[in-house]
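# Structural features, examined
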Amino acid sequence: MNSKNTSVLLIYTGGTIGMIENAETGALENFNFEQLQKHVPELQRYTFQIDTYQFDPPMDSSDMDPEAWRKLVRIINDNYNQYSGFVILHGTDTMAYTASALSFMLEGLTKPVILTGSQLPIGVLRTDGKENLLTSIEIATACHPNGEPLVPEVCIFFENHLMRGNRTTKMNAENFNAFRSFNYPVLASAGIHIKYNNVQIQLHGNRHELKPHYLLDTNIAVLKLFPGIQENVVDAIFSTKGLKAVVLETYGSGNAPRKEWFLRRLHDACEEGIVIVNVTQCSAGTVEMERYETGYQLMQAGVVSGYDSTTESAVTKLMFLLGHDYPPAKVRELMSCPLAGEITV
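Just so it is clear, the model here is predicted, and its values are computed rather than measured.

To continue, consider the overall build of the protein. Helix and strand counts for the protein come out as 9 helices and 18 strands. The C-alpha atoms of the protein give 21 Å as radius of gyration, which agrees with the globular expectation for 345 residues (20 Å, within 12%). Projecting the C-alpha coordinates of the protein onto the three principal axes gives extents of approximately 65 × 55 × 35 Å. For the protein, the proportion of its 345 residues judged to be buried stands at 52%. The contacts of the protein with a sequence gap of at least 6 include a subset with a gap of at least 24, amounting to 72%. Surface accessibility of the protein: about 15,900 Å² in total, with carbon and sulfur atoms responsible for 47%. Both charge centroids of the protein, one from 27 positive and one from 38 negative side chains, sit 4 Å from each other.

Take the side chain of Ser 313 next. With respect to the helices and strands, Ser 313 occurs in helix α8 (residues 311-323). Beyond its immediate sequence surroundings of up to four residues, Ser 313 is in contact with Ser 100, Phe 104, Asn 166 and Glu 342.

As a further point, take the packing of aromatic side chains. Under the definition given, this model contains 6 aromatic pairs. Measuring from ring centre to ring centre gives 5.0 Å for Tyr 46 and Phe 48, while their planes differ by 40°; the resulting arrangement is tilted. The exposure class of Phe 48 is buried, given its relative accessible area of 9%. The aromatic ring of Tyr 80 is capped on one face by Lys 111, whose charged end is 4.7 Å from the ring centroid.

Turning to the side chain of Ser 136, a few remarks are in order. When you line up the elements, Ser 136 lands in helix α4 (residues 129-140). With residues up to four places along the chain from it excluded, the contact list for Ser 136 reads Val 87, Ile 114, Thr 116 and Phe 157.

Below, the discussion takes up the sheet that holds strand β15 (residues 220-224). For sheets, the rule is that strands pair by backbone hydrogen bonds, running either parallel or antiparallel. Read from one edge of the open sheet, 4 strands run β15-β16-β17-β18, paired in parallel fashion. Looking at which strands have only one partner, the edges of the open sheet turn out to be β15 and β18 (304-305). Across 2 bridges, strand β17 (residues 275-280) lies against β18 in parallel orientation. Across the sheet, Asn 278 pairs through a bridge with Ser 305, a residue of β18. Along the sheet, α8 contacts β15, β16 (245-250) and β17; its crossing angle with β16, the most-contacted strand, is approximately 165°.

Residues Leu 106, Val 113, Leu 115 and Leu 318 are the most contacted members of the largest nonpolar core, which totals 50 residues. A total of 7 residues in this core trace back to one element, the largest contributor, which is α8. Excluding residues within four positions of it along the chain, Leu 318 makes contact with Ile 220, Ala 245, Val 247, Val 275, Val 277, Val 331 and Met 335.

Read from one edge of the open sheet, 8 strands run β4-β1-β5-β7-β8-β9-β12-β13, paired in mixed fashion. Since the sheet does not close on itself, it has two edges, and those belong to β4 (49-54) and β13 (194-196), each with one partner. Strand-to-strand twist of the sheet, defined as the mean angle between neighbouring strand axes without regard to direction, takes the value 20°. Docked against the sheet, helix α3 (residues 95-105) engages β5 (85-89), β7 (113-116) and β8 (154-158), running at close to 155° with respect to β8. Seen against the sheet, α4 touches β1 (7-12), β4, β5, β7, β8, β9 (161-164), β12 (188-190) and β13 and runs at an angle of roughly 160° to β5.

With that out of the way, let us pick up the environment of Pro 145. Structurally, the position occupied by Pro 145 is in the loop between α4 and β8. The class for Pro 145 is exposed, based on a relative accessible area of 91%.

Reading the values: the criteria
- Residues numbered from 1 in each chain as written.
- Predicted model: local features only at pLDDT ≥ 70, side-chain atom pairs only at ≥ 80, totals over all residues.
- Heavy atoms only, no water.
- Helix = DSSP H or I, 4+ residues; strand = E, 2+ residues; numbered from the N terminus.
- Rg over C-alpha atoms; globule rule 2.2 N^0.38 Å.
- Buried < 20%, exposed > 50% of the residue type's maximum accessible area, 1.4 Å probe, protein only.
- Contact = heavy atoms within 4.5 Å.
- Areas by Shrake-Rupley, 256 points an atom, 1.4 Å probe, with all protein chains shown as cover.
- Lys, Arg positive; Asp, Glu negative; His and termini not counted.
- Charge placed at Lys NZ, Arg CZ, Asp CG, Glu CD.
- Phe/Tyr/Trp six-rings, centres within 6.5 Å; stacked < 30°, edge-to-face > 60°.
- Lys NZ or Arg CZ within 6 Å of the ring centre and 35° of its normal.
- Pairing = 2+ DSSP bridges.
- Axes fitted to C-alpha atoms, helices over the stretch in contact; angles between N-to-C directions.
- Core = buried A, V, L, I, M, F, W, Y, C linked by side-chain atoms within 4.5 Å.

Pasting the structure below:
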């Protein structure tokens, strides 16, 4: 790494990591990035430039939405040639959604975009934020001997693990290891050394030009099946005005009830042009609709497989594809193709 040619843009959107305790009230509040050096003095030891951009006002991750994703894409696109990599500080609750969305919106990405955060504020003594931040910066500037970035994709770094962003889910609200990538190996593990799993990292044979995308269509619903689900509930979702796609969270390897009314409603929705994508409720594993009769009947109704996609990835990928105004048949086709390493086919 040549420090003269290395620089990082640190983007603070909001979230727990960017909070400190008010000395007078004891309440947690967002800090200004000017205070960052005080709470993370280790930043001064880096020999390369670290610039910062702060959302004003900072956003709680529960408030993150496609407009915020578009803002992040604009920031990265506007500064793309000036920095070696980007680190986004983000609240944990919707981090997997943001990482998934950015993986589709930043087409042709050849630089690291690392999302990280913390379970404890960076101003708290036992914070996990400091380690997550410092390691994310190191990964964002890591290069091969030829100067090419080691991890040219959108990732989440949390509790010693670097994961592909669109493969990651928040699975713990209490522990420091809040995120897991159940269906794809981690891209790197950080111990005394950072060990990169180069075989799993998405590489680009040729230099691509970044092609930012801003069009997203949010006319999507998520339907999680449960024993005893009523016809009027399913009907209410599929009767939603303007609905274009549904992520159907099924049992096991993609199974669902064989009730006549349910299969008929799915078939009718598909005939109406609504795209229905089958993902499993299980944390790990993949959808195999041809494995059991219950799944095969979904396929017969027109439901398409989401393979081993996370719900977060399926939702944001549908927003991305529908935003391009593709017809339903094209959306169904592209949901079966990995666009940014989000599924294993």
